[in-house]
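Read off the chains here:
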Amino acid sequence: MAFPNPIITAALTGPVATKADNPGLPGSPAEVAQSAKAAYEAGAAVIHIHLRDDQGNMTTDLDVARRTVEAVREVCPGIVQLSTGGLDFPYEDRMRIVEAKPAMATLNPCTMTFGSAEFRNPPKQMQQLAARMIELGIKPEVEIYDTGHLGVMLDLVKKGLLLEPLQVSFVMGVRGGVAGDPTLLAYMVRELPPGTSWQVIAVAKANLPMTTIALAMGGNARTGMEDTLLLEPGKPAPSNAALVERLVGVARALHREPASVDEVSERLHLSPDLVKRG
Ligand code: KMH
Ligand code: ZN
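Residues numbered from 1 in each chain as written. Chains lettered and ligands numbered in written order. Predicted model: local features only at pLDDT ≥ 70, side-chain atom pairs only at ≥ 80, totals over all residues. Heavy atoms only, no water.

1. Quick look at the coordination of the zinc ion (ligand 2)
Move 1: The zinc ion (ligand 2) binds to the protein through H48 (NE2), H50 (NE2) and E226 (OE); the donor distances cover 2.0 to 2.1 Å.
Move 2: Each donor residue of the zinc ion (ligand 2) lies on one chain, and together they are spaced H-x1-H-x175-E. One end of the pair, H48, is in strand β2 (residues 46-49); the other, E226, is in the loop between β10 (220-223) and β11 (230-232), and 178 residues separate them in sequence. (Donors = N, O, S within 2.8 Å, 3.2 Å for Na, K, Ca; no water. Helix = DSSP H or I, 4+ residues; strand = E, 2+ residues; numbered from the N terminus.)

Next up, the structure:
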């Protein structure tokens, strides 16, 4: 079976971990940009970012968002995907981030328990965010944390708030969401509209097995310090690039060469104005 080249995404920071958890975690827009460059050079076409200010604190500040997008674009052509997720900020602040005009941004369709926290995605505001992304030409990546989220996503398609081709993540292994179980992945993949681009995001212990399974099934995969802080059991990842190298190694072992930025831009119909060509 011939699969398209896999889209490899590097999730550099995440909303939770700090340098105390792993000193290799980037902690400012400048460090994020350097980490993005190394991840891009290791084979990631998409760079998923939760904002950090100059002190390394999590933020939704629009100026930091603009500076971060600019800093990454200056050093590499990796496709910038800003997160509109995050557990500690009001939804209005999370929504505003898209005004920095990344090529892609995440759209989390449902509210849920997320570990010991509450992840709020109220339907009305979530739909406003989807509409704003269409206005700005930003490609949403829809984050599916459980089987029921699929129906909510398909309703957005029917309402014209999500445009095909869809870009979907199955987020596995979060406490409160779907477990890292291959049979559940197979079920969710079967429910997708034809032509959907899908990837697995799997956290902690589920990270390597579930992303490997996704690549073997013909899907795409994400890695990076947002998803796992370890390169091997007990061994901290020295960098995001090291995690990307490991995932690219898995893809190549399956005879799948990572997709280039140009290829991803074409497949996902990204706005040419928002992508720096390689
Ligand atoms: N934090 C991950 C489990 C987002 O940033 O909007 C899912 C994620 C979604 O990366
Ligand atoms: Zn994220």
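2. Focus on the sheet that holds strand β8 (residues 167-172)
Move 1: Within the closed barrel, the eight strands sit side by side as β1-β2-β3-β4-β7-β8-β9-β10. Their pairing is parallel. Neighbour-to-neighbour, the strand axes of the sheet open up by a mean angle of 25°, direction not taken into account.
Move 2: Bridge analysis of strand β1 (residues 8-11) against β2 gives three bridges, and the strand direction is parallel. Paired with T9 across the two strands is V46, which belongs to β2.
Move 3: Strand contacts of helix α5 (residues 147-158): β4 (104-107), β7 (139-144) and β8, with the helix running at about 155° to β7, the strand carrying the most contacts. (Pairing = 2+ DSSP bridges. Axes fitted to C-alpha atoms, helices over the stretch in contact; angles between N-to-C directions. Contact = heavy atoms within 4.5 Å.)

3. Here's the deal with empty space enclosed by the protein
Move 1: One pass over the structure, following the stated rule, counts two cavities of 30 Å³ or more.
Move 2: Here the largest cavity is characterised by a volume of approximately 110 Å³.
Move 3: Residue lining of the largest cavity: 15 residues in total, with H50, L51, T59, G85 and F89 positioned closest to the centre.
Move 4: Among the residues making up the lining of the largest cavity, the classes are represented as seven nonpolar, seven polar and one charged.
Move 5: In this model, the second largest cavity occupies a volume close to 30 Å³.
Move 6: Along the walls of the second largest cavity sit R73, P77, G78, I79, V80, L274, V275 and K276, which together make up its complete lining. (1 Å grid on protein atoms, 1.4 Å probe; cavity = no way out; pocket = protein on both sides within 12 Å on 5 of 7 lines; lining within 4 Å. Points joined across faces, edges and corners; volume = space filled by probe spheres on them. Nonpolar A, V, L, I, M, F, W, Y, C, P; charged D, E, K, R; others polar.)

4. A word on the site of ligand 1
Move 1: In the vicinity of ligand 1, the residues found are H48, H50, S83, G85, T106, N108, F114, E143, Y145, V171, R222 and E226.
Move 2: At 3.2 Å from an oxygen atom of ligand 1 is found a side-chain nitrogen or oxygen belonging to H48.
Move 3: Between an oxygen atom of ligand 1 and a side-chain N or O atom of N108, the distance comes to 2.9 Å.
Move 4: Its free accessible area being 300 Å², ligand 1 has 95% of it covered by the protein chains.
Move 5: Applying the majority rule of atoms within 2 Å of the grid points places ligand 1 in the largest pocket.
Move 6: Taken together, the residues of the shell around ligand 1 break down into three nonpolar, six polar and three charged. (Near = heavy atom within 4 Å. Polar contact = N/O pair within 3.5 Å; in protein donor to acceptor, adjacent residues only side chain to side chain. Areas by Shrake-Rupley, 256 points an atom, 1.4 Å probe, with all protein chains shown as cover. Sits in = over half its atoms within 2 Å of the grid points.)

5. Concerning unusual backbone geometry
Move 1: For the peptide bond that leads from E164 to P165, omega is 0°, which places it in the cis range.
Move 2: For A204, which is not a glycine, the phi torsion comes out positive at approximately 50°.
Move 3: Structurally, A204 is set in the loop between β9 (197-202) and α7 (207-216).
Move 4: Despite not being glycine, H269 shows a phi value in the positive range, around 55°.
Move 5: You can see H269 is positioned in the segment after α9 (261-267).

6. Examining α7
Move 1: Three or more residues of α7 are buried, namely N207, M210, T211, A214 and L215. Buried residues of α7, seen end-on, are gathered within an arc of 140° and therefore sit on one face of the element.
Move 2: Buried positions along α7 lie against β1, β8, α6 (182-190), β9, β10 and α8 (240-253).
Move 3: Just past α7, the residue G218 takes up positive phi, approximately 95°. (Buried < 20%, exposed > 50% of the residue type's maximum accessible area, 1.4 Å probe, protein only. Arc of directions from axis to C-beta.)

7. Thoughts on the side chain of K139
Move 1: Locating K139 in the fold gives a position in strand β7.
Move 2: The side chain of K139 is buried and forms no salt bridge, while E164, the nearest opposite charge, is found at 8.9 Å.
Move 3: A distance of 3.3 Å separates a polar atom in the side chain of K139 from the backbone oxygen of L163.
Move 4: Apart from the residues within four sequence positions on either side, K139 is in contact with A103, M104, A105, L163, E164, P165, Q167, L268 and L270. (Lys, Arg positive; Asp, Glu negative; His and termini not counted. Salt bridge = Lys/Arg side-chain N within 4 Å of Asp/Glu carboxyl O.)

8. Things to note about the layout of surface pockets
Move 1: Here the largest pocket defines a volume of roughly 610 Å³.
Move 2: Its residues assigned to classes, the lining of the largest pocket comprises 15 nonpolar, 12 polar and five charged.
Move 3: Lining the second largest pocket are P4, G195, T196, S197, W198, M217, G218, G219, N220, R267 and L268.
Move 4: For the lining of the second largest pocket, the class distribution of residues is four nonpolar, six polar and one charged.

9. Things to note about the packing of α7 against α8
Move 1: Where α7 contacts α8, the axes come no closer than 10 Å and their chain directions differ by 35°. Every pair of crossing elements has a handedness; the one defined by α7 and α8 is right-handed. Across the interface between the two elements, N207, L208, T211, T212 and L215 from α7 touch R246, L247, V250 and A251 from α8. (Left-handed = near helix turned anticlockwise from the far one by under 90°.)

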